[in-house]
Every structure is written in C-alpha cells, then in structure tokens.
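So the chains spell out like this:
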Amino acid sequence: MATILIVEDEHELAALVRRQLEGEGHAALVAHDGPTALIIAAQAAPDLVILDWMLPGLDGLTVMRRLRERSTVPVLMLTARDDEADRVLGLEVGADDYMTKPFSLRELMARVRAMLRRVELLTRQAGDGAAPLALGQLHLDPLARRVEVGGAPVELTVKEYELLLLLARHPGRSFSRAYLLDHIWGADYEGGDRTVDTHIVRLRRKLGEVGERISTVWGVGYRFEG
Ligand code: CA
C-alpha cells in the first residue's frame, strides 16, 4: 500500500482524509503547513501528496514547486475555486490532478486510487516484466519496488526508479533523452531534456558506486554499463 502525505491546515478535514486513507490500508502522514510538508516529504518520500492550495507558511503552489525540485511525486491539489484549476494544472510544475472544495470523500478516494494505479502502471511498463534483477552490487525487485545497493535499501522517487529499471534491464543499450522522456514521463509531458538529466544526476548520487555505471552517451543520452 502507499504512503500518502496530506497537507491541509483544516485539522478536522485532514483527520477525516487520514482516516479514510488508513481505512484503505495506506499509511497517511499529515502536515498542517507548508514548511512542515516539505520536511516530511523529504524524510518519508511519499507515493502521493494531497496538497491544499491555501496554507499558512508557504502556499500550496510554492510547496508543489519545491517538491518538484527533488521528486516527481504525484500531487493532487485541493483548491477553493473551480477557476483555479487551470492554473494548478497548467503550471510548469503542475499538479497531476485537482479537486475543488467542498468535495466528497468518496470522490477523493476514487482520484487517489486512479493516481496510484497510474503510477503502478507506469512502473510496470518501464520494467518490461517483474523478475528481480541482480547486477553486481545492485539488486532490484520490481514487484516490491525495492532497490538495494550492496544489501542496503536505496530510496528513489517514482521517476528515478523507473529510469533505473529501464536502463538496468537493458545493460549496454543506449537510450536517447527523447525515448526516456516518452517512456517514463509520457508523450504529453512538456518538460525538456533537462528533466532527464537532473533525474540521472540524482540517481547517480543515490546509487553511489553503482551510479557510476550509468554512462552519459554524448549526443545521445544514457546507458547502463553491463
Ligand atoms: Ca487551507
């Protein structure tokens, strides 16, 4: 089940959403303001963030922007007015979905399930199968979505994980940035090549020695050395 961060300054609403999520077997974390949300997100690497726009400290848009500097975690934005939706979805660091308050908890849960399914689906597609992978120090279990280097678990964001899985499944094969963007971010993603580069940089850092096996192929993209 997923770890979901709820960022909402209305304590009762946050508690209500939390109970619903926990009722469906998820682990739920709550932050009542923007700065706390960023700290929890960095520590817990949630699978999904439910983020209210109007927050004390930092507003939801700022929180989303900061989140996206380090992760591609799916964000479901809560807005007070319907006409805010275009802004929320259209921004460069846009939310993946939004809901306008007041909303029904049933509808919220349906959106959450749909978003989590999408992430799972992408992970599976990027994986070309579910067999565990062992490449030297690197162990990758697609079903459990677990990555270990030398026996120690490595925490990756969804996109970092998908990138690694795709590269490591095909050692020695070069992938262009365009291909990676298409297959991991989707054809309608509007970010550029730099998105791939920044994810590769973070991936290499997190993987330590194993990260050095991800080579830059000049003028093309990246390759996992076999
Ligand atoms: Ca609020």
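These figures come from a predicted structure and were not determined experimentally.

### Some points on the sheet that holds strand 10 (residues 174-176)
Link 1 in the chain: The strand order 10-12-11 describes an open sheet built from three strands, whose pairing is antiparallel. Each having just a single partner strand, strand 10 and strand 11 (214-217) make up the two edges of the open sheet. Ignoring strand direction, the axes of neighbouring strands in this sheet form an average angle of 30 degrees.
Link 2 in the chain: Note: strand 10 against strand 12 (residues 221-224), three bridges, orientation antiparallel. Counterpart to Ser174 in the pairing with strand 12 is Arg223.
Link 3 in the chain: Docked against the sheet, helix 7 (residues 177-185) engages strand 10, strand 11 and strand 12, running at close to 75 degrees with respect to strand 10.
Link 4 in the chain: In the packing of helix 8 (residues 193-207) onto the sheet, contacts are made with strand 11 and strand 12, and the angle to strand 11 comes to roughly 150 degrees.

### Concerning the sheet that holds strand 6 (residues 133-135)
Link 1 in the chain: Read from one edge to the other, the open sheet built from four strands follows the order 6-7-8-9, with strand pairing classed as antiparallel. Of all strands in the sheet, those bounded by a partner on one side alone are strand 6 and strand 9 (152-153).
Link 2 in the chain: Bridge analysis of strand 7 (residues 138-141) against strand 8 (residues 146-149) gives four bridges, and the strand direction is antiparallel. Pairing of His139 across the sheet is with Glu148, part of strand 8.

### Description of the environment of Ala28
Link 1 in the chain: Mapped onto the secondary structure, Ala28 falls in strand 2 (residues 27-31).
Link 2 in the chain: The exposure class of Ala28 is buried, given its relative accessible area of 6%.
Link 3 in the chain: A C-alpha to C-alpha distance of 9.8 Å links Ala28 and Val49, two positions 21 residues apart in sequence.
Link 4 in the chain: With sequence-adjacent residues up to four places away left out, Ala28 is seen in contact with Ile4, Ile6, Arg18, Leu21 and Glu22.

### A word on the pairing of strand 5 (residues 97-100)
Link 1 in the chain: The alternating pattern of strand 5 places Asp97 and Met99 on a buried face, while none of Tyr98 and Thr100, on the opposite face, is buried.
Link 2 in the chain: Alignment of strand 4 (residues 75-79) against strand 5, held across four bridges, turns out to be parallel. Bridged to Met77 within strand 5 is Tyr98.

### Brief notes about the side chain of Asp52
Link 1 in the chain: Looking at where Asp52 falls in the secondary structure, it is placed in strand 3 (residues 48-52).
Link 2 in the chain: A distance of 3.1 Å separates a polar atom in the side chain of Asp52 from a polar atom in the side chain of Lys101.
Link 3 in the chain: Once residues lying within four places of it in the same chain are set aside, the contact partners of Asp52 are Val7, Glu8, Asp9, Gly60, Met77, Leu78 and Lys101.

### Side note on the coordination of the calcium ion
Link 1 in the chain: With distances of 2.0 to 2.4 Å, the protein atoms coordinating the calcium ion are Asp9 (OD), Asp52 (OD) and Met54 (O).
Link 2 in the chain: Mapping the donors of the calcium ion onto the primary sequence gives the spacing D-x42-D-x1-M. Of the two residues, Asp9 sits in the loop between strand 1 (3-7) and helix 1 (11-23) while Asp52 sits in strand 3, which places them 43 residues apart along the sequence.
Link 3 in the chain: For Asp9, a relative accessible area of 28% corresponds to the partly exposed category.
Link 4 in the chain: Take Asp52: its relative accessible area is 4%, and that puts it in the buried class.

### Section: the side chain of Thr157
Link 1 in the chain: Here Thr157 is to be found in the loop between strand 9 and helix 6 (158-169).
Link 2 in the chain: Beyond its immediate sequence surroundings of up to four residues, Thr157 is in contact with Arg70, Ser71, Thr72 and Lys206.

### Concerning the pattern of salt bridges
A side chain with one charge may pair with a side chain of the opposite charge, provided their charged atoms come close.
Link 1 in the chain: The tally for this structure, following the rule as stated, stands at 14 salt bridges.
Link 2 in the chain: Two residues, Arg18 and Glu22, come together in a salt bridge whose shortest N-O distance is 3.2 Å. In this pair, Arg18 and Glu22 are both assigned in helix 1, four residues apart and thus about one turn of the helix distant.
Link 3 in the chain: Classification of Arg18 as partly exposed rests on a relative accessible area of 34%.
Link 4 in the chain: Judged by its relative accessible area of 38%, Glu22 is partly exposed.
Link 5 in the chain: Among the ionic pairs, Lys159 bridges to Glu162, the shortest N-O distance being 3.9 Å. A residue pair is termed a helical-turn pair when its members lie 3 or 4 positions apart in one helix, as Lys159 and Glu162 do in helix 6 at three residues.
Link 6 in the chain: Here the salt bridges share partners, and the residues they tie into one network are Glu8, Glu10, Asp52 and Lys101.

The rules behind these values
Residues numbered from 1 in each chain as written. Predicted model: local features only at pLDDT ≥ 70, side-chain atom pairs only at ≥ 80, totals over all residues. Heavy atoms only, no water. Pairing = 2+ DSSP bridges. Helix = DSSP H or I, 4+ residues; strand = E, 2+ residues; numbered from the N terminus. Axes fitted to C-alpha atoms, helices over the stretch in contact; angles between N-to-C directions. Contact = heavy atoms within 4.5 Å. Buried < 20%, exposed > 50% of the residue type's maximum accessible area, 1.4 Å probe, protein only. Polar contact = N/O pair within 3.5 Å; in protein donor to acceptor, adjacent residues only side chain to side chain. Donors = N, O, S within 2.8 Å, 3.2 Å for Na, K, Ca; no water. Salt bridge = Lys/Arg side-chain N within 4 Å of Asp/Glu carboxyl O.

These figures come from the coordinates and say nothing about function on their own.
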